[in-house]
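Coordinate analysis (summary)
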Amino acid sequence: MMLSRVAAIFTILFMTIFASASAIDLVARTDPPPQLPTCSTGPIQCCNSVQSNVNNPIVKLIVGLLNIVVPIVPLVGITCSPVLSILQANACTGQTVCCSNNNFNGVINLGCSPISINL
């Protein structure tokens, strides 16, 4: 009789400890949702094309048509749109970039730096 009580107590203790450990393990494995990186110059941009400089014929044509004075910049993004969510970042088929001058409605963005979004 005493042995069955001891066995019952050990069984209850074991089940309690096992249940607690399982719950703690599940909480520990929950990953936070991925966060979209940020640019200090505004939203991340998804550009259909990123050109190395303003000497490119396509860039020269767009800059000429828009009458934009372009300083010497390392990269120029063409036909860009802001990336505002993780879903948009994953759907970007062009190049994700941070650009310092996004004042031309996405037609051309100046001073761009490529960024990698691995989500």
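Please refer to the structure higher up on the page.
Description of the structure in this document. (Residues numbered from 1 in each chain as written. Predicted model: local features only at pLDDT ≥ 70, side-chain atom pairs only at ≥ 80, totals over all residues. Heavy atoms only, no water.)

1. Section: the pairing of strand β1 (residues 44–51)
- Note: β1 against strand β2 (residues 76–83), seven bridges, orientation antiparallel. Among the inter-strand pairings, Val 50 is bridged to a residue of β2, identified as Gly 77.
- Bridge count for β1 against strand β3 (residues 95–101) is three bridges, and the pairing is antiparallel. Directly across from Gln 45, in β3, lies its bridge partner Val 97. (Pairing = 2+ DSSP bridges. Helix = DSSP H or I, 4+ residues; strand = E, 2+ residues; numbered from the N terminus.)

2. Some words on the sheet that holds β1
- If you trace the four strands once around the closed barrel, you get β1-β2-β4-β3, paired in antiparallel fashion. Each adjacent strand pair in this sheet contributes to an overall mean axis angle of 60°, direction not counted.
- With four bridges joining them, β3 and strand β4 (residues 108–114) adopt antiparallel strand pairing. Within the sheet, the bridge partner assigned to Val 97 lies in β4 and is Pro 114. (Axes fitted to C-alpha atoms, helices over the stretch in contact; angles between N-to-C directions.)

3. Details of the side chain of Thr 96
- Secondary-structure assignment places Thr 96 in strand β3.
- Those residues in contact with Thr 96 that sit more than four places away from it in its chain are Ile 44, Gln 45, Ser 113, Pro 114, Ile 115 and Ile 117. (Contact = heavy atoms within 4.5 Å.)

4. Remarks on the state of the cysteines
- In this structure the tally under the stated criterion is four disulfides.
- Two residues share a disulfide in this structure: Cys 47 and Cys 80, whose sulfurs sit 1.9 Å from each other. One disulfide, between Cys 47 and Cys 80, carries an S-S torsion of 105° and so falls in the right-handed class. Here Cys 80 lies in strand β2 and Cys 47 lies in strand β1, a separation of 33 residues in the sequence.
- The side chain of Cys 99 participates in a disulfide bridge whose partner is Cys 112; the two sulfur atoms lie 2.1 Å from each other. What sets the handedness of the Cys 99 and Cys 112 disulfide is the S-S torsion sign, and at about 100° it is right-handed. Residue Cys 99 is located in strand β3, and its partner Cys 112 is located in strand β4; the two are separated by 13 residues in the primary sequence.
- Cys 99 sits in the buried class, given a relative accessible area of 1%.
- With its disulfide-bonded cysteines labelled consecutively along the sequence, the protein is connected as 1-6, 2-5, 3-4, 7-8. (Disulfide = S-S within 2.5 Å. Buried < 20%, exposed > 50% of the residue type's maximum accessible area, 1.4 Å probe, protein only.)

5. With respect to the pairing of β4
- Burial runs high along β4: five of the seven residues are buried.
- The sheet contact formed by β2 and β4 spans three bridges and is antiparallel. Note on β4: the bridge partner recorded for Ile 78 is Ile 108.
- Linking β3 back to β4 in an antiparallel pair, the connection comprises six residues, with Asn 105 at a positive phi of about 55°.

6. Brief notes about the environment of Leu 36
- Mapped onto the elements of the fold, Leu 36 is located in the loop between α1 (2–28) and β1.
- The partly exposed category is assigned to Leu 36, whose relative accessible area is 21%.
- For the pair formed by Leu 36 and Ile 86, sequence separation is 50 residues and the distance between their alpha carbons is 6.0 Å.
- Among all residues touching Leu 36, those that are not within four sequence positions of it are Ile 44, Val 83, Leu 84, Ser 85, Ile 86, Ala 89 and Ile 117.

None of the figures reported here should be taken as evidence of function without further support.
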